Amino acid sequence: MSTSKDDGRPSRPATRIVRSGRGQDLVGPFVNPPVVHASTVLFDSVDDMEQHRGRYSYGRYGTPTSEALETAISELEDGAGAVLCPSGLSAAVTALFSCLSAGDQLLIVDSVYGPVRRFAETMLKPLGIDIAYYDPALAADVERLFSERTRAIYAEAPGSLTFEMQDLPALAAVAHRRGALVLFDNTWATPLGFKPLAHGADLSIIAGTKYIGGHADVMIGTVAANETAWPRLKETHRAMGLHVGPDDVYLALRGLRTLAVRLPRHAQSAMVVATWLAARPEVARVLYPPLPDDPGHLLWARDMEGACGLFGVVFAGWDDERAKRFIDGLRLFGIGASWGGFESLATLAHPEPSRSATAWRPEGALVRLHIGLEDPDDLIADLAASLALVDSD
Ligand SMILES: *Cc1c(COP(=O)(O)O)cnc(C)c1O
């Protein structure tokens, strides 16, 4: 499926981000693919149509626009193939449906993205799939939770809101020995910072809404799969009738091309701001695995090659009211869901209701910050000003 690999010559991630999905067959003489708005694909004769002659057959099954992004994601994730979904959540749903049937058991990390937990509870359980949640700190010990019916593990690192790392190779070794598949949500690190399939996952999910799009203007999700999981993933995606409009695919592709300059900048600025916050008297801890004293730092340093601009801050002894005044007092941080765009964001986080296997016992209110592409010194000045306001209350 790849058409843009420079045969025999190794290419590093930044080079692959620029070149992948840009084969002649997709883009012709242009740098970018056409934005193909299509439902009907025309054939020369009834025979051609009935015998499926030709590369394209129907808008839902693919166009040069969708193939360009699928090819790029598949190459970046080292996959056997990739599919596009209308949101990150629908990518998670598609990946889960591709490996579960009635009577199966699914293990989900307790720090999972909240809407995935909701999908498991409200959709998978009524379909007869048993769900169990596991402590993100479990590695090979996860085997204690396995039964004869365990078909899949759903992992995500760092965890949503609470940023725990996970030992993916250890989880995958157990899962594969027990005949289960491993799904991994790679939204935080992106394929630039982590290769889930190379670390044992069978399916890698990305909310492209975040850093792939990168500009807070598109919702899209991707799933890449290895040889084992690809046939079922492709079939499930087709059967569910999923399709992403060409303008959104194009925006994601356009965002992807600059990921290798944007992401390191987000991560560098996040490190500066996180380090500054960690030294403040108001702060109990900063949840960011690249920080040397983060509990997940060793796993992060062992497995990941990069980071991003998203982390959590626990304020010592603060109640939610105080945290709200702090967030409301910021001038350069928007208040809103999602992250991965060029702009900084701050939200009040409440992990407690979406925990069942572990307890979240913070020292005070949890604020999640997304560090955008602004000058980090300006962001620090903004944080300092709002802290001064709250401290003087
Ligand atoms: C945002 C997010 C999703 C869902 O993406 P949407 O495009 O908002 O549906 C999935 N996983 C993680 C880790 C996310 O942060």
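Residue numbers run consecutively from 1 along every chain, following the written order of its sequence. Only residues with pLDDT of 70 or above have their local features reported here, since the model is predicted, and side-chain atom pairs are shown and tallied only from 80 upward, although totals for entire chains, interfaces and linings are computed over all residues. Processing note: side-chain calculations cover all non-hydrogen atoms of the structure and skip hydrogens and water entirely.

As for the site of the ligand
- Near is defined per residue: the residue qualifies when any heavy atom it owns lies within 4 Å of the molecule or strand. Around the ligand, the surrounding shell holds 13 residues, and the nearest of these are Gly88, Leu89, Asp185, Thr209 and Lys210.
- A distance of 2.6 Å separates an oxygen atom of the ligand from a polar atom in the side chain of lysine 210.
- Per-class residue counts for the shell around the ligand are 5 nonpolar, 5 polar and 3 charged. N or O atoms closer than or at 3.5 Å make up a polar contact, with two conditions inside protein: a donor-capable atom paired with an acceptor-capable one, and, for residues adjacent in sequence, both atoms drawn from side chains. Each residue gets one label: Ala, Val, Leu, Ile, Met, Phe, Trp, Tyr, Cys and Pro are nonpolar, Asp, Glu, Lys and Arg are charged, and the others, such as Gly, are polar.

Remarks on the domain arrangement of the chain
- You can read the domains of the chain as domain 1 (72-255) and domain 2 (259-391).
- Together, the buried faces of domain 1 and domain 2 total about 3,100 Å²; carbon and sulfur atoms form 65% of this surface.
- Put simply, a salt bridge is a Lys or Arg side-chain nitrogen that is within 4 Å of an Asp or Glu carboxyl oxygen. Counting across the domain 1 and domain 2 interface gives 2 salt bridges.
- Inspection of the domain 1/domain 2 interface yields 16 residue pairs in polar contact (both at pLDDT 80 or more).
- Elements with a minimum of two residues in the side of domain 1 that touches domain 2: strand 3 (130-134) and helix 8 (190-193).
- Numbering goes from the N terminus for both helices and strands, where a helix is a DSSP run of H or I of at least four residues and a strand is a run of E of at least two. With 3 residues, the single largest contributor to the side of domain 1 that touches domain 2 is helix 8.
- Across the side of domain 1 that touches domain 2, the residue classes tally to 16 nonpolar, 12 polar and 6 charged. Where each domain begins and ends follows an automated or database-derived domain assignment. Buried area is a sum: the accessible area each of two parts loses on coming together, probed at 1.4 Å, counted once for each and added.

A short note on the side chain of aspartate 185
- Inspection of the secondary structure puts aspartate 185 in strand 5 (residues 181-185).
- Each residue's exposure class comes from its accessible area (1.4 Å probe, protein chains only) as a fraction of the maximum for that residue type: buried when under 20%, exposed when over 50%, partly exposed otherwise. Counted as positive: Lys and Arg. Counted as negative: Asp and Glu. His and the chain ends are not counted at all. Although aspartate 185 is buried, it forms no salt bridge, and the closest oppositely charged side chain is lysine 210 at an N-O distance of 7.3 Å.
- There is a polar contact of 2.6 Å between the side chain of aspartate 185 and the side chain of threonine 187.
- Contact between two residues is taken to exist if any of their heavy atoms lie within 4.5 Å; hydrogens are not considered. When near neighbours in sequence (up to four residues on either side) are disregarded, aspartate 185 contacts Tyr154, Ala155, Glu156, Ala157 and Ile205.

Quick look at the sheet that holds strand 2 (residues 105-109)
- The strand order across the open sheet formed by 7 strands is 1-7-6-5-4-2-3, and the pairing between neighbours is mixed. Strand pairing shows two members of the sheet lacking a second neighbour, strand 1 (81-85) and strand 3, which therefore form its edges. Strand-to-strand, the axes of this sheet are offset by a mean angle of 20°, without reference to chain direction.
- The pairing criterion for strands is at least two bridges between them, as found by DSSP. With 3 bridges connecting them, strand 5 and strand 6 (residues 203-207) associate as parallel partners. When the sheet's bridge partners are listed, phenylalanine 184 is paired in strand 6 with serine 204.
- Think of each axis as a best-fit line through the C-alpha atoms, taken over the contacting stretch in the case of a helix, with angles from 0 to 180 degrees between the N-to-C directions. Its contacts with the sheet put helix 7 (residues 168-177) on strand 3, strand 4 (150-156) and strand 5, and the angle it makes with strand 5 is roughly 155°.
- Sitting on the sheet, helix 9 (residues 230-239) touches strand 1, strand 6 and strand 7 (221-225), and the angle it makes with strand 1 is about 25°.

Considerations on the sheet that holds strand 11 (residues 366-370)
- One open sheet accounts for 4 strands, arranged 8-9-11-10; its pairing is antiparallel. Of all the strands in the sheet, just strand 8 (283-287) and strand 10 (345-349) have a single pairing partner and so form its edges. For this sheet, the mean inter-axis angle between neighbouring strands, taken without regard to orientation, is 25°.
- Direction of pairing for strand 10 relative to strand 11: antiparallel, over a ladder of 5 bridges. Residue pairing in the sheet places alanine 346 in a bridge with leucine 369 of strand 11.

Considering the pattern of salt bridges
- Evaluated as defined, the whole model comprises 16 salt bridges.
- A salt bridge links aspartate 391 to arginine 280; the nearest nitrogen and oxygen atoms lie 3.9 Å apart. A residue pair is termed long-range when its members are at least 10 positions apart, and aspartate 391 in helix 14 (residues 376-391) and arginine 280 in the loop between helix 11 (259-278) and strand 8 qualify at 111 residues.
- With a shortest N-O distance of 2.9 Å, glutamate 363 and arginine 285 are connected by a salt bridge. One end of the pair, glutamate 363, is in the loop between strand 10 and strand 11; the other, arginine 285, is in strand 8, with 78 residues separating them in the sequence.

A look at the nonpolar core
- Working definition of a nonpolar core: buried Ala, Val, Leu, Ile, Met, Phe, Trp, Tyr and Cys residues. They are joined through side-chain atoms within 4.5 Å. Ranked by internal contacts, the top residues of the largest apolar core, which has 118 residues, are Leu106, Tyr154, Trp188, Tyr288, Phe311 and Leu369.
- Looking at which element gives the most residues to this core, the answer is helix 11, with 7 residues.
- Counting only domains with at least three residues in this core, you end up with domain 1 (72-255) and domain 2 (259-391).
- Those residues within four positions of leucine 106 in sequence are excluded, and the remaining contacts are Leu96, Leu100, Leu124, Ile129, Asp130, Ile131, Ala132, Ala152, Ile153 and Tyr154.

A look at helix 11
- With 20 residues, helix 11 should cover 28 Å at 1.5 Å per step; its first-to-last C-alpha distance of 27 Å lies within 8% of that length.
- Residues of helix 11 that are buried: Leu259, Arg262, Leu263, His266, Ala267, Ser269, Ala270, Val273, Ala274 and Leu277. Here the expected span of a helix is defined as 1.5 Å times the quantity of residues minus one.

Digging into unusual backbone geometry
- Put simply, alanine 157 and proline 158 share a cis peptide bond, and its omega is -10°.
- Here proline 158 shows up in the loop between strand 4 and helix 7.
- The phi dihedral of leucine 161 is positive, around 70°, even though this residue is not glycine.
- Counting through the fold element by element, leucine 161 comes out in the loop between strand 4 and helix 7.
- For alanine 216, which is not a glycine, the phi torsion comes out positive at approximately 55°.
- Mapped onto the elements of the fold, alanine 216 is located in the loop between strand 6 and strand 7.

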